[in-house]
Amino acid sequence: MRHPQTRALHAYWQTRRQGGAAPLRADIEPQDISELLGYVFILWRADSQHHIFRLAGTHLCDLYKREFRDQNFLTLWRGHDRTHVQAVLEASISGTSPASMIARAVSMDQRELPVEIAFFPLRGPSGEIDRMLGLFQPLDSTEDLRGRPVIRTALREIHPPAQPATIFPGLAQSDASLVQRVANDQ
């Protein structure tokens, strides 16, 4: 996690964990993270294809010049990017570990803003992990967009949850036999 605000939200999420379990949504107090709220969002997992915005900060909405409440987070992504983002969300929820990504938010006139997007799993009212606390943090000044809305989000890097087996089950190995794998290894 690169940005200080992302690290701050991660530290806060860690303080809310109970015995290593993901915190309850009700344990997240807005006043505790007030300086981050403009870029904070909460997703609800309806199913693997639908991670619905329950809350989206004002700065996030302003970047896209639209409201996100009740919209599917995955609609921000296209093609393979959408598949990868969905895999990261599902792995974070099933593994109860944070994940993050670096992306480019692109305006209609091709101005780009690098952003860090972090995900922190939360338990809903039933006790199941079906929520995600997130942060959509610009890494540069938003002035470069010149007030134009972001129309496309493109994935640059993925930092998956700590348990790699939750995204790629075939890669699970004991520490003793851990071999570094490279893309396209057989």
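Relevant structure appears above.
Some thoughts on the pattern of salt bridges
Thought 1: Enumeration according to the criterion identifies nine salt bridges in this entry.
Thought 2: Between Arg54 and Asp70 there is a salt bridge; the shortest N-O distance is 3.2 Å. One end of the pair, Arg54, is in strand β2 (residues 50-56); the other, Asp70, is in the loop between α2 (58-64) and α3 (79-95), with 16 residues separating them in the sequence.
Thought 3: Residue Arg54 is classed as partly exposed on the basis of its relative accessible area, which comes to 34%.
Thought 4: Put simply, Arg148 and Asp109 hold a salt bridge, and the shortest N to O gap is 3.1 Å.

Examining the sheet that holds strand β3 (residues 99-107)
Thought 1: Sheet architecture is open: six strands sit in the order β2-β1-β5-β4-β3-β6, paired in antiparallel fashion. The sheet terminates laterally at β2 and β6 (150-159), the two strands that pair on one side only. Here the average twist between neighbouring strands, direction ignored, is 30°.
Thought 2: Across the sheet, helix α1 (residues 4-16) is in contact with β4 (112-123) and β5 (129-138); its angle to β4 comes to roughly 0°.
Thought 3: Across the sheet, α3 is in contact with β1 (40-47), β2, β3, β4, β5 and β6; its angle to β6 comes to roughly 55°.

The rules behind these values
- Residue numbering note: each chain is counted from 1, following its sequence as written.
- In keeping with the predicted nature of the model, local features appear solely for residues at pLDDT of at least 70, side-chain atom pairs appear and are counted solely at 80 or more, and the whole-chain, interface and lining totals rest on all residues.
- Derived side-chain values reflect all non-hydrogen atoms in the structure, with water molecules and hydrogen atoms excluded from consideration.
- In what follows, salt bridge is the name for a side-chain nitrogen of Lys or Arg lying within 4 Å of a carboxyl oxygen of Asp or Glu.
- Working definition: helices are DSSP H or I runs of at least four residues, strands are E runs of at least two. Numbering for both runs from the N terminus.
- The buried label applies to any residue whose accessible area, calculated with a 1.4 Å probe on protein chains only, is under 20% of its type's maximum; exposed applies above 50%, and partly exposed to all values in between.
- Pairing between two strands requires that DSSP report at least two bridges joining them.
- Each axis is a line fitted through C-alpha atoms, taken for helices only over the stretch in contact, and angles between the N-to-C directions span 0 to 180 degrees.
- Any two residues whose heavy atoms approach within 4.5 Å are treated as being in contact.

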